[in-house]
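Geometric and topological summary
Below, each chain spelled out in residue letters.
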Amino acid sequence: MKTILAIGGHIGDMELTAGGIMATNAVRGGKNITLALTAGERGNPPHMTPAEYRVQKVKEAETFAKMVNGEAIVLKYADGELPNNDEVVDQVVDIIVKYKPNVIVTHWQSTMHRDHNNTHLIAQEAQFRAGVVGNKKGERHYAPVYFCENWEDSDNFTPYVYVDITEGYELWKKAIQTHWFIMNSSDFKYFDYYTSLARCRGALMKKQYAECFAVLDRQKKIFKDEL
């Protein structure tokens, strides 16, 4: 059974962009860990303060994680103020070593959102430290990193890996509806966009539904004895 660690800048980021693979993993008996480095509380609805919305978002993260056979972890950092420093990286290293994921998914580089871009960098540094240096006890764990398709991180994003999520699609669609902003945001139609994108990506791989992921250029190697 597989464990997926999904590292997002805010609650909801990974649920939208990697929720399909997590739901499919859950259907197959795997475990999923969502790690939000901030709660994303500054997207608060008009009737709530950011502090009140943070409480609600943490509950939404926990509900989603429970539905996909997992756990939700939310760090203390404020939405829009995520630092890229050793303190954050060390916390992520501890989580990687503790949960020993088979795979890590996170943000692609972002010119639109500082929290997303810092998460992109933090996740890679934590992957390196967890695999080479380890935590304070010297315990180590390595897992490969893939980068999710997010409309806010679209600059220079090229889909490289297509993953069939048909098996978990209905569970994912149900689970993301537990997030207020996904269903009610006046700024962007998150539910419509991501469910439609899953169908489009699925069509390209001749499946019903799919999610796409990018890798770094140095990872784009195909080895063959002959063509």
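Attention here is on the structure that accompanies the text. (Residues numbered from 1 in each chain as written. Predicted model: local features only at pLDDT ≥ 70, side-chain atom pairs only at ≥ 80, totals over all residues. Heavy atoms only, no water.)

1. Things to note about the packing of aromatic side chains
- The full count for this structure, using the stated rule, is ten aromatic pairs.
- Between tryptophan 151 and phenylalanine 188, the ring centres sit 4.1 Å apart and the planes meet at 5°, which makes this aromatic pair stacked. Residue tryptophan 151 is located in the loop between strand 5 (145-148) and strand 6 (161-164), and its partner phenylalanine 188 is located in the loop between helix 7 (180-184) and helix 8 (190-204); the two are separated by 37 residues in the primary sequence.
- What makes phenylalanine 188 buried here is its relative accessible area of 18%.
- Ring geometry for tyrosine 169 versus tyrosine 209: centroids 3.5 Å apart, planes at 0°, classification stacked. With tyrosine 169 in helix 6 (residues 169-176) and tyrosine 209 in the loop between helix 8 and strand 7 (210-214), this pair connects stretches of sequence that are 40 residues apart.
- Of the residues examined, tyrosine 169 reaches a relative accessible area of 5% and is grouped as buried. (Phe/Tyr/Trp six-rings, centres within 6.5 Å; stacked < 30°, edge-to-face > 60°. Helix = DSSP H or I, 4+ residues; strand = E, 2+ residues; numbered from the N terminus. Buried < 20%, exposed > 50% of the residue type's maximum accessible area, 1.4 Å probe, protein only.)

2. Observations concerning helix 4 (residues 86-99)
- The terminal C-alpha atoms of helix 4, which comprises 14 residues, lie 20 Å apart, in line with the 20 Å expected from a rise of 1.5 Å per residue.
- Among all positions of helix 4, only Val88, Val89, Val92, Val93, Ile95, Ile96, Val97 and Tyr99 are buried.
- Close packing links the buried residues of helix 4 with strand 1 (3-8), strand 2 (31-38), strand 3 (70-77), strand 4 (103-107) and helix 5 (114-132).
- Of the residues flanking the start of helix 4, the one acting as N-cap is asparagine 85, its side-chain oxygen 3.2 Å from the backbone nitrogen of glutamate 87. (Expected span 1.5 Å × (residues − 1). Contact = heavy atoms within 4.5 Å. Polar contact = N/O pair within 3.5 Å; in protein donor to acceptor, adjacent residues only side chain to side chain.)

3. Focus: the environment of phenylalanine 191
- On the secondary structure map, phenylalanine 191 appears in helix 8.
- Taking the C-alpha atoms as reference points, phenylalanine 191 and isoleucine 165, 26 residues apart in sequence, are found 16 Å from one another.
- If we skip the residues at most four places from it in the chain, phenylalanine 191 touches Lys173, Ile176, Gln177, Ile182 and Met183.

Purely geometric stuff here, so don't read any function into it on its own.
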